[in-house]
Amino acid sequence: MTDIAFAWSALGGDPALLGQVTTTVREGALQGRLPARELARACVGACALAAAESAARRAGLSRVPAVRVDDGAVAAAFTSERHLRIDGREPVSFAPLSRFWRTADGWVRTHANYPHHRERLLAALGVPGDPALVAAALAERSALEAEEAVYAAGGLAVALRTPREWAAHEQGVAVARRPLVERERLDSAPARVRAPAPVASPAAGLRVLDLTRVIAGPVATRTLALLGADVLRVDPPGLPELPDQQADTGFGKRSARLDLTADRETFEELLAAADVVVTGYRPGSLDRFGLSPEALAERRPGLVVAQLSAWGAYGPWDGRRGFDSLVQAATGIAAVEGSADRPGALPAQALDHGTGYLLAAGVLRSLTEQSAEGGTRCVRLSLARTATWLTTGIRPGGPEGAGDAAEARDTERGCREGGLSGTFSAGSARRAGAAGGATPSGESRVPDANGAEGVGCTDDADAVDGRSRAGSAGGTETPRGGTRASGAHSANDADGGCRVGGGSGDVYEGPGAWLAERGSRVGWLRYVLSPVCFVGGPVDWERPPGPWGADAARWV
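Just so it is clear, the structure is predicted and the values come from calculations on it, not from any experiment.

Here is what the cut-offs are and how they apply
Position numbers for residues count from 1 along each chain, tracking the sequence in the order it is written. pLDDT decides what is reported in this predicted model: residues at 70 or higher carry local features, side-chain atom pairs at 80 or more are listed and counted, and totals for whole chains, interfaces and linings draw on all residues regardless. Processing note: side-chain calculations cover all non-hydrogen atoms of the structure and skip hydrogens and water entirely. For the exposure calls, accessible area comes from a 1.4 Å probe over protein chains only, and a residue counts as buried if that area is under 20% of its type's maximum, exposed if over 50%, partly exposed in between. Counting from the N terminus, the helices are the DSSP runs of H or I reaching at least four residues and the strands are the DSSP runs of E reaching at least two. Here, a strand pair is defined by DSSP locating no fewer than two bridges between the strands. When the strands point away from the viewer, a crossover counts as right-handed if the route from the first strand across the helix to the second turns clockwise. Each cavity reported here is a set of points on a 1 Å grid over the protein atoms alone in which a 1.4 Å probe fits but cannot get out, each pocket an open set with protein on both sides within 12 Å along at least five of seven lines, and each lining residue one with an atom within 4 Å of a point. Grid points are joined across faces, edges and corners, and a volume is the space filled by probe spheres set on the points. In this classification, the charged set is Asp, Glu, Lys and Arg, the nonpolar set is Ala, Val, Leu, Ile, Met, Phe, Trp, Tyr, Cys and Pro, and all remaining amino acids, among them Gly, are polar. Side-chain rings of Phe, Tyr and Trp (the six-membered ring for Trp) are treated as a pair once their centres are within 6.5 Å; stacked means planes under 30 degrees apart, edge-to-face means over 60, and tilted covers the remaining angles. What we call a nonpolar core is a set of buried Ala, Val, Leu, Ile, Met, Phe, Trp, Tyr and Cys residues that are connected through their side-chain atoms within 4.5 Å. The contact criterion used throughout is that any non-hydrogen atoms of two residues lie within 4.5 Å.

Moving on to the pairing of strand E2 (residues 67-70). What you see with E2 is no split at all: Val-67 and Val-69 on one side and Arg-68 and Asp-70 on the other are buried throughout. Across four bridges, the pairing between strand E1 (residues 21-24) and E2 is parallel. Pairing of Thr-24 across the sheet is with Asp-70, part of E2. Chirality of the crossover, the property in question, places the unit of E1, helix H2 (residues 36-59) and E2 among those that are left-handed.

Structure representation (structure tokens):
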């Protein structure tokens, strides 16, 4: 079974549809010891197929549109936060105290991007915010001691482990026993009748209540917004957000702040008209607000509830906070990708992005099933389960999993037993770079730097529903998102209708072909277009991101 087929099966998809998917393999994309490229390709491919399946159903097509997965588009999207520019400024991805630190017996990874997490980390260590003092305090403790002390203080720190250690850990065992995508039908609510929708907007008319933060959840809801859903992100007013992170993942959405205790009536009004609720907080942390799947099903039968967590809703770590970088450290990924000198990392925050696309696919497949069979649906994913798939299930190589898998299968060789002393497999991962440009405010375009050309997806014949889907060789504006392709390929490419980036042969030469620019309320943006690509599908988001929490908490 190929990796895309495995993901599609986990989503409950019809295997007969897999023939609609074709892949452009690009060497050098998301390159490392572990098969991050193959993971990313599978997650995006499954999501695009779920979108195409939904498009066929909503538009009344007799056949599901063809899907194209381009490694270049996928690699650019999985590193979108690195390529974002706001008025020419490069965002800061990690705070100074979010990093690996040496301990008395190995390494520990901390996460302190948010002010409250930084304060709790420092409180646990009993030091001020000087990195040198933090390093000294951690150097006196064992990695496991630091992990537990910081967790007890409400902060985030994870001891580095090898894959073998994680597999033997109680949480690792619990995670491995679960399916990649957990799917559940909660009741026998009647099927919801939805109006027909154009191929380019298979989620049109759907209202998505977005209660997620950071990357994975917002990537899922950003994808639903691309497909036409009305996505309203709701955050508590007292919990800070990183503006640059919101700018990267806020495309197509509106953002509001709402106190779920004081403004309960407003939230219930939102819920009463919602079709999908997506949550990305620790398992059980929203239950007190009546946001468990069961409580939501009682008040709004026929919902699709999508839940995302770091470690899963089971095992001894079910209540712990987590981020992609911490999951990489705990599950052995950082050890495998490291060197003899220090731990490493995947070439992208692939657990976040990959799980986000799988979550969007889970929502789309649940909506498709519900339209035929009814029932309130629940879909659950975790970063840790995606990590287990990466380290034990993904096959390196081309789209069929071809290639020499020996290096990935033996990645733990060379890791010192115990894995906390700082000795890992030799070598290093390779990375890729970026490019940009500018146009009048309100439009977006694909930059022409470094030979970049082509955007998104287009119909392989005439524009669907009278809309142009891509630029021609002369550069044509498209109504959806105002995207202008500079020097783009013809809209009638002989490759399924999806836009293919520039470059020589099948080599990834950077993200330039999949970058666009446009004005917004937060500044002039350079950003990465979505890799979710099917014939007749959308090229760009209808709206750019706005300031975090600046919109009204109501449906449009």
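By volume, the largest pocket amounts to about 830 Å³. In this structure, the largest pocket is lined by 36 residues; those nearest its centre are Arg-213, Leu-239, Gly-280, Tyr-281 and Arg-282. Those elements that provide at least two residues to the lining of the largest pocket are helix H5 (115-125), helix H10 (216-226), strand E9 (230-235) and strand E12 (304-309). For the lining of the largest pocket, the element with the most residues is H5, which contributes three residues. Among the residues making up the lining of the largest pocket, the classes are represented as 19 nonpolar, eight polar and nine charged.

A separate point is the packing of aromatic side chains. By the definition in use, this model includes 11 aromatic pairs. Each ring, one from Trp-166 and one from Trp-317, has its centre 5.8 Å from the other, and the planes form 55 degrees; the classification is tilted. Linking Trp-166 in helix H8 (residues 163-168) with Trp-317 in the loop between E12 and helix H14 (324-330), this pair joins segments that are 151 residues apart in sequence. The same class applies to Trp-166 and to Trp-317, which are both buried. Relative to Trp-514, the ring of Tyr-508 lies with its centre 6.4 Å away and its plane at 25 degrees, an arrangement referred to as stacked. In this pair, the class of Tyr-508 matches that of Trp-514, namely buried. By way of ring pairs, the aromatic residues Trp-166, Trp-311 and Trp-317 are connected into one cluster.

We note that Leu-30 has phi near 50 degrees; this positive angle belongs to a residue other than glycine. Along the chain, Leu-30 turns up in the loop between E1 and H2. Backbone geometry places Val-214, a non-glycine residue, at a positive phi of 70 degrees. Position of Val-214 among the secondary structure elements: in the loop between strand E8 (207-211) and H10.

Next up on the list: the nonpolar core. One finds Phe-78, Trp-311, Tyr-357 and Trp-389 to be the most contacted residues of the largest nonpolar core, which totals 113 residues. Take this core: its biggest share by element is 15 residues, from H2. Setting aside residues no more than four positions away along its own chain, Phe-78 makes contact with Leu-30, Ala-40, Val-44, Ala-348, Gln-349, Ala-350, His-353, Gly-354 and Tyr-357. With 19 residues, the next largest nonpolar core counts Leu-271, Ala-274, Val-277 and Leu-286 among its residues.

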